[in-house]
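Below, each chain spelled out in residue letters.
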Amino acid sequence: MTTATMQSSVAPLLHQVQLKANEYKSEVKPIWCPGCGDFGVLSAFYKALSELGIPPEKAVIASGIGCSGRFPAFVEAYGFHGVHGRALPLATGIKMANPDLLVAAVGGDGDAFSIGAGHLPHAARRNIDITYIVMDNEIYGLTKGQASPTSPVGLSPKGAPYGESKAAKSTPYGNTDAPINPIAMALVYGASYVARGFSSKPKEVTELIKRGLTHTGFSFIQIYSPCVTFYDTYDHYKEVTKPLPIAHDRHDKIAALKMALDSEQLYLGEFYSEERPSMVQNALETRAKAGTKFSLPELISRYKA
Ligand SMILES: Cc1ncc(C[n+]2csc(CCOP(=O)(O)OP(=O)(O)O)c2C)c(N)n1
Ligand code: SF4
Ligand SMILES: [Mg+2]
């Protein structure tokens, strides 16, 4: 496939309308706790749509279950609040049936890496042309504070220093399970755009979302989005996050992996970006190859008794 045919499926939607960020707010007011990191992600998403000039009727957001799963209701666009862990299959179906729409999937660390974990490798390797935004608060927020796959060992209750061996409700003697590394996972699975943001850095998060939405193929964006009610990680992230070095080569997967595996610093920014045909492009090419030789009625008739 040539670079000319690698154009993002979102390209024809760019700068079609001039709407302010708050015109992408729906009539439904967020019911998140005051101070929840998800507010920062939502306002960055409004800004990204506004700066890209996307017509609201051309955007669809799919989610699973969780506090973060409520996100689609708050955006003036189409939305599908599905069942737990199924944001990616929903988004995949929506995109394949409507390749001309901008499709995003959103959700939490539990939705993405526990119950929905089996979907991530396949969305990544297929390079389905959607953007997946994971609001990672290292806890199950909606169900009132159980350990998640990104919770650190020794998960603390609200107010205790980060990582101390106290407890979340499901781990009264401290969490003993090692956390996964979402960025490293997405890289190894073959996501073609991999980035990390922090909800307290809205300008940077807006840029990452814009890059993800306009990228051809599967964009994975992990956003640290603290849960003030059950696991307040704001101070911790302010301390340990820092931008990726300017010299980081975002086309070098091994370099990206090294940065993702750094246990001292949690880097923010664009880890990796690669151009390769998306699932939509591959499907259209397959259809073109089949051409008129393929007839659905004829195929069905072969299996008739
Ligand atoms: C099949 C199923 N199992 C369990 C639940 C209960 N449940 C609802 S949300 C949730 C976890 C949400 O955590 P996360 O995805 O991190 O989202 P957050 O609330 O932190 O944004 C669980 C276990 C459910 N709704 N459906
Ligand atoms: S419980 Fe946590 S994740 Fe849920 S809305 Fe409140 S602060 Fe946000
Ligand atoms: Mg969570």
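Fair warning: this is a prediction, and the values are worked out from it, not measured in the lab.

### Brief notes about the sheet that holds strand 4 (residues 131-136)
Point 1. Taken in spatial order, the eight strands line up as 2-1-3-4-8-7-10-9 in an open sheet, and their pairing is mixed. Edge positions in the sheet fall to strand 2 (78-81) and strand 9 (241-243), since each of these pairs with one other strand and no more. The sheet shows a mean angle of 20° between the axes of neighbouring strands, direction not considered.
Point 2. One ladder, built from three bridges, connects strand 9 with strand 10 (residues 266-273); its direction is parallel. What sits directly across from Lys242, in strand 10, is Tyr267.

### Remarks on the site of ligand 2
Point 1. By nearness alone, every residue bordering ligand 2 is listed as Trp32, Cys33, Cys36, Cys67, Asn137, Cys227, Val228, Thr229 and Phe230.
Point 2. Of the residues belonging to the shell around ligand 2, the class tally is seven nonpolar, two polar and no charged.

### Brief notes about the coordination of the magnesium ion (ligand 3)
Point 1. Within the protein, Asp109 (OD), Asn137 (OD1) and Ile139 (O) serve as the donor atoms for the magnesium ion (ligand 3), at 2.1 to 2.2 Å.
Point 2. In primary sequence terms, the donor set of the magnesium ion (ligand 3) follows D-x27-N-x1-I. Judged on exposure class, the residue Asn137 and its partner Ile139 are both buried.

### Notes on the pattern of salt bridges
Point 1. On inspection of all chains with the given rule, the structure shows six salt bridges.
Point 2. Note that Glu207 is salt-bridged to Lys210, the shortest N-O span being 3.4 Å. Of the two residues, Glu207 and Lys210 both sit in helix 6 (residues 202-214), three residues apart, roughly one turn of that helix.
Point 3. A residue is classified by how much of its surface remains accessible, and Lys210, at 15% relative accessible area, is buried.
Point 4. In this structure, the salt-bridge partner of Arg250 is Glu270, at a minimum N-O distance of 3.0 Å. Of this pair, Arg250 sits in the loop between strand 9 and helix 8 (253-261) while Glu270 is found in strand 10, placing the two residues 20 residues apart along the sequence.

### Details of helix 8
Point 1. Residues Ala256, Met259 and Ala260 constitute the buried set of helix 8. End-on, the buried residues of helix 8 take up no more than an arc of 100°, which puts them together on one face. Among the exposed residues of helix 8, those oriented more than 90 degrees off its buried face are Ile254, Lys258 and Leu261.
Point 2. Tucked into the core, helix 8 has its buried residues touching helix 5 (182-189) and strand 10.

### Some words on the site of ligand 1
Point 1. As a structural note, the neighbourhood of ligand 1 is formed by 16 residues, with Cys67, Ser68, Gly110, Asp111 and Gly141 the closest of them.
Point 2. One of the side-chain nitrogen or oxygen atoms of Ser68 is found 2.7 Å away from an oxygen atom of ligand 1.
Point 3. The separation between an oxygen atom of ligand 1 and a polar main-chain atom of Asp111 is 2.7 Å.
Point 4. Burial of ligand 1 by the surrounding chains reaches 72%, relative to a free accessible area of 600 Å².
Point 5. When contributions to the shell around ligand 1 are tallied by element, the ones reaching two or more residues are helix 3 (109-115) and strand 5 (139-140).
Point 6. Sort the elements by how many residues they give to the shell around ligand 1 and helix 3 lands first, with four residues.
Point 7. A breakdown of the residues in the shell around ligand 1 according to their chemical character gives six nonpolar, eight polar and two charged.

Criteria and cut-off values
Residues numbered from 1 in each chain as written. Chains lettered and ligands numbered in written order. Predicted model: local features only at pLDDT ≥ 70, side-chain atom pairs only at ≥ 80, totals over all residues. Heavy atoms only, no water. Pairing = 2+ DSSP bridges. Helix = DSSP H or I, 4+ residues; strand = E, 2+ residues; numbered from the N terminus. Axes fitted to C-alpha atoms, helices over the stretch in contact; angles between N-to-C directions. Near = heavy atom within 4 Å. Nonpolar A, V, L, I, M, F, W, Y, C, P; charged D, E, K, R; others polar. Donors = N, O, S within 2.8 Å, 3.2 Å for Na, K, Ca; no water. Buried < 20%, exposed > 50% of the residue type's maximum accessible area, 1.4 Å probe, protein only. Salt bridge = Lys/Arg side-chain N within 4 Å of Asp/Glu carboxyl O. Arc of directions from axis to C-beta. Contact = heavy atoms within 4.5 Å. Polar contact = N/O pair within 3.5 Å; in protein donor to acceptor, adjacent residues only side chain to side chain. Areas by Shrake-Rupley, 256 points an atom, 1.4 Å probe, with all protein chains shown as cover.

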